[in-house]
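Residue-level listing of the chains:
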Amino acid sequence: MISYKKGASGFRLFHWISLVAIVALLAGCSPFQGSESSADNSLQPVKPEKIERYQGEKSKAVSMVYTTQRQLALTFNGMADKDTMKRLLDELDKYHIKAAFFMPGMRVAEEPDIAREIVTKGHEIENNTLSMTDLQGQPYEKMYKDIKLTNDIIKRETDKTPRYIRTKSGDYSDDLRLVAAHNGQEAVVSSSLFLHNWQKETEEQKIHYLRKYMNRGGIIAMDTEENNSVVENIRLLAEAATDVGYTFVPLHELVAQGGERKPLQEIPGFDAAKMNAAYHKSRPNLIYRKETDKKLVALSFDDWGTDQTVTKILDILDKKGVKASFFLRADGVERNPNLARAIAVAGHDVANHTYSHPVNTKIAPEELQKEIVKAHQIITEAIQQKPTMYFRPPTGAFDEQTLKAIAATGYEDITIYDVTPSDYDKKRSADDIVKAIMEQTRSGSVILLHMLDDIHTIEALPIVIDQLRSKGYTLVPMTEMFGQ
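Residues numbered from 1 in each chain as written. Predicted model: local features only at pLDDT ≥ 70, side-chain atom pairs only at ≥ 80, totals over all residues. Heavy atoms only, no water.

Draft legend 1. Here's a closer look at the layout of surface pockets. In this structure, the largest pocket spans a volume of roughly 510 Å³. Forming the walls of the largest pocket are 21 residues, and the residues nearest its centre are Ala61, Ser63, Met64, Val65 and Tyr66. At the level of secondary structure, the elements contributing two or more residues to the lining of the largest pocket comprise β1 (60–62), α11 (330–335) and α12 (337–345). It is β1 that provides the largest number of residues to the lining of the largest pocket, a total of 3 residues. (1 Å grid on protein atoms, 1.4 Å probe; cavity = no way out; pocket = protein on both sides within 12 Å on 5 of 7 lines; lining within 4 Å. Points joined across faces, edges and corners; volume = space filled by probe spheres on them. Helix = DSSP H or I, 4+ residues; strand = E, 2+ residues; numbered from the N terminus.)

Laid out in structure tokens, this is it:
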């Protein structure tokens, strides 16, 4: 365990000398090295080692791992006082979380027992620069020495070689990525959520905030010195992850199982949507429902939500063996591409619902086309494949001009719906949603639902599926009903 006793004076002197040596080495010289050939053994200046710029590949830059696995990582910056660190480690033990601690080299040299205890507890120890600085604008050579010295200190005190580097703010430059590679580090790591001090939020508000950013593949960070609730936050984070069905894993495990995303231009179909000013000649195909005697119906979901909401919808559909059609608001996809990819990997249709959800009839045709093309590109890059080429207008609003403008981009199939239970209204109960759907649905119907947070769709969905099946309906994705 972490010791609370002050070390012997000789021990303190050793680490004081170490700190002086560190500062001197960072400046490019050593105050302790003499010339062995000198007759009087006097100290001689040592010529600083010249550090050449690394010519190889830069280390990766990681803020979120590209994965559909229901995992995320917890990380910390800095080294707080012994009492805080002990309580933090005990709390992590309580919730069985293994974290990554990005530690400044100077603090590891000052209090190596804390660093060793972190390693003993099974956590990772990583490079937080020598004194938790950003290193922005520093010469390459100085950055290199800062990172190397920090690596050397951590290795000396814990026998662990850091895999990753993080600056105080998480910012990085191309030079820092080169320095990381030069020093043998795999990646420069920032975060998908940096959790600062709370500002008088209630417990419920804290839970809602964490739910918003609890993303699969996410990297959550806290500063052990700056965050006054760093220990108390462990419970909140553990409970939030459990609620959505995600688990915290060590950072290196999360990074190792992540995939590499192809650049947009390398994905077939990335250019299937384009700006087209000659939209008056286009021929839109407007779809409400399918005229059929077969008892087929399609479930469709619009907009965007948090991992908690969308993952629960996916789980219900998976448990019931149903494939559906998802029309994604792309500004949400942009912030959380892993969730969009999870929808596609589950075998559902992934289609276009604009970038920012404007009412199509209230913006110019050119602006509408920009919304559609931008959304197409973001969704394509997120799911790493061409989306289903269906478009659904936000709020269902359209007129002849907007239909032509939409079709001219390449999205000729404009899909509406004929069953509208208004589940987006928070006042509508699960029973209200189920009743409306069962009253309106007929063969060939397209049912409109939403993946918004804090509505009652999740409660209604399994009941809707069971009742539709009890009436003899088969639920299919829209591409199976209408073709593509």
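Following the structure, the description resumes.
Draft legend 2. Spotlight on the confidence of the model for the protein. Looking at the protein, the pLDDT average stands at 91 and 90% of residues meet or exceed 70. Note that residues 29–43 has pLDDT below 50 and, in this model, 16 contacts with residues that lie over four places away or in other chains. (pLDDT = per-residue confidence, 0-100. Contact = heavy atoms within 4.5 Å.)

Draft legend 3. Local environment of the packing of helix α13 (residues 365–383) against helix α14 (residues 400–408). Running from amino to carboxyl end, α13 crosses α14 at an angle of 40 degrees, the nearest separation of the two axes being 9 Å. One way to sum up the angle between α13 and α14 is to call them oblique. Seen from above, α13 lies across α14 with right-handed handedness. Contact with α13, carried on its side by Pro365, Leu368, Gln369 and Ile372, involves Gln401, Thr402, Ala405, Ile406 and Ala408 of α14 and no other residues of that element. In terms of residue class, the contact of α13 with α14 is built from 6 nonpolar, 3 polar and no charged. (Axes fitted to C-alpha atoms, helices over the stretch in contact; angles between N-to-C directions. Parallel < 35°, antiparallel > 145°, perpendicular 65-115°, else oblique. Left-handed = near helix turned anticlockwise from the far one by under 90°. Nonpolar A, V, L, I, M, F, W, Y, C, P; charged D, E, K, R; others polar.)

Draft legend 4. How the structure looks around the side chain of Arg107. Here Arg107 shows up in helix α3 (residues 105–110). Judged by relative accessible area, which is 18%, Arg107 ranks as buried. Of note is the side chain of Arg107, whose polar atom sits 3.2 Å from the backbone oxygen of Met79. If sequence neighbours within four positions are ignored, Arg107 has contacts with Met79 and Ala80. (Buried < 20%, exposed > 50% of the residue type's maximum accessible area, 1.4 Å probe, protein only. Polar contact = N/O pair within 3.5 Å; in protein donor to acceptor, adjacent residues only side chain to side chain.)

Draft legend 5. Inspection of helix α2 (residues 82–94) at higher detail. Between its first and last C-alpha, α2 extends 18 Å over 13 residues, near the 18 Å set by a 1.5 Å rise per residue. All of the buried residues along α2 are Lys82, Thr84, Met85, Leu88, Leu89, Glu91 and Leu92. For α2, the secondary structure elements touched by its buried residues are β2 (71–77), β3 (100–103), α4 (112–120) and α8 (232–244). Its side-chain oxygen 3.1 Å from the backbone nitrogen of Asp83, Asp81 forms the N-cap of α2. In the stretch just after α2, His96 is the one whose phi turns positive, near 55 degrees. (Expected span 1.5 Å × (residues − 1).)

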